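Structural features, examined
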Amino acid sequence: MTERTRLLGVDFGTVRIGLAVSDPDRILASPLATYERRGRDQDAAYFRRLVEDEAVGRVVVGLPVHTSGREGQKAAEAREFGRWLADVTGLPVVFWDERFTTVEAESALWDAGLTHKRRRQRRDRVAAQIMLQAYIEAGCPDEED
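All values reported here derive from a predicted model rather than from experimental measurement.

Some remarks on the packing of aromatic side chains
Applying the stated rule across the entire model yields 8 aromatic pairs. Centre to centre, the rings of Phe 47 and Phe 81 are 6.0 Å apart; their planes meet at 75°, and the pair counts as edge-to-face. On the criterion of sequence distance, the pair formed by Phe 47 in helix α1 (residues 40-53) and Phe 81 in helix α2 (residues 73-89) is long-range, its members being 34 residues apart. Phe 81 matches Phe 47 in its accessibility class, with the two residues each being buried. Considering the side-chain rings of Phe 81 and Trp 84, the 5.4 Å spacing of their centres and the 35° angle between planes classify their relative orientation as tilted. Highlighted residues: Phe 81 and Trp 84, both in helix α2, separated by 3 residues, approximately one helical turn. According to the relative accessible area criterion, Phe 81 is buried, its value standing at 4%. Here a set of aromatic residues connected by ring pairs shows up, and it is made of Phe 12, Tyr 35, Tyr 46, Phe 47, Phe 81 and Trp 84.

Quick word on the pairing of strand β5 (residues 93-97)
Along any regular strand the residues' side chains alternate between the sheet's two faces. Of all 5 residues in β5, 4 are buried; the element is thus mostly enclosed. Alignment of strand β4 (residues 56-63) against β5, held across 5 bridges, turns out to be parallel. Across the sheet, the residue bridging to Leu 63 is Asp 97, located in β5. Remark: the β4/α2/β5 crossover connection has right-handed handedness.

Examining α1
With 14 residues, α1 ought to run about 20 Å at 1.5 Å a step, and its terminal C-alpha atoms sit 20 Å apart, in line with that. Every buried residue of α1 is accounted for by Asp 43, Ala 44, Tyr 46, Phe 47, Leu 50 and Val 51. Summarising the axial view, the buried residues of α1 lie within an arc of 165°, below the 170-degree limit, and thus occupy one face. In α1, the exposed residues that point more than 90 degrees away from the buried face are Asp 41 and Asp 53.

As for the environment of Ile 130
Secondary-structure assignment places Ile 130 in helix α4 (residues 116-137). Taking relative accessible area as the criterion, Ile 130 reaches 18% and is therefore assigned buried.

Observations concerning the sheet that holds β5
What the 5 strands build is an open sheet, ordered β3-β2-β1-β4-β5; its pairing is mixed. The sheet is open, and its two edges are formed by β3 (29-36) and β5, each paired on a single side. Pairwise comparison of adjacent strand axes, ignoring direction, gives a mean angle of 25° for this sheet. Its contacts with the sheet put α1 on β1 (6-11), β2 (16-22), β3 and β4, and the angle it makes with β3 is roughly 160°. Here α2 sits on the sheet and contacts β1, β2, β4 and β5; the angle it forms with β4, its principal contact strand, is near 165°.

Thoughts on the packing of α1 against α2
Two numbers describe how α1 lies on α2: the axes approach to 9 Å, and their chain directions differ by 65°. In this structure, α1 crosses over α2, and the sense of that crossing is right-handed. On α2, the residues that touch Arg 40, Asp 43, Ala 44, Phe 47, Arg 48 and Val 51 of α1 are Glu 80, Phe 81, Trp 84, Leu 85, Val 88 and Thr 89.

Calculation rules
- Residues numbered from 1 in each chain as written.
- Predicted model: local features only at pLDDT ≥ 70, side-chain atom pairs only at ≥ 80, totals over all residues.
- Heavy atoms only, no water.
- Phe/Tyr/Trp six-rings, centres within 6.5 Å; stacked < 30°, edge-to-face > 60°.
- Helix = DSSP H or I, 4+ residues; strand = E, 2+ residues; numbered from the N terminus.
- Buried < 20%, exposed > 50% of the residue type's maximum accessible area, 1.4 Å probe, protein only.
- Pairing = 2+ DSSP bridges.
- Right-handed = clockwise from strand over helix to strand, strands pointing away.
- Expected span 1.5 Å × (residues − 1).
- Arc of directions from axis to C-beta.
- Axes fitted to C-alpha atoms, helices over the stretch in contact; angles between N-to-C directions.
- Contact = heavy atoms within 4.5 Å.
- Left-handed = near helix turned anticlockwise from the far one by under 90°.

Pasting the structure below:
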């Protein structure tokens, strides 16, 4: 069995979930996929298979907090999803500030010259990559600041 050292970054959304994964040494994050939600059972099967296939040892869920640092409804939904993800995968889940990652992702994709349709297809996974890379660069703490 492969040692599970990779990190899975999750940009939570009620319809789409952006996913990114780290390398085994936790140095670099790469965009992985944008998952369209299909219902609890299908979502659970997808995430169980994903963490196995990618040898994931920890999940990092982006926490959409307000610029003031206060958590609102979307952050509560992300925390609920993270608890559910921990239950279905059996993996530790930490939460990490994802402020401005979608804006940063959109800007990077715009600068790359992608069409609106292509930017929309990639935005969530690139936002997950940006959030996960920030978490890696912070030293992969067990808890968010």
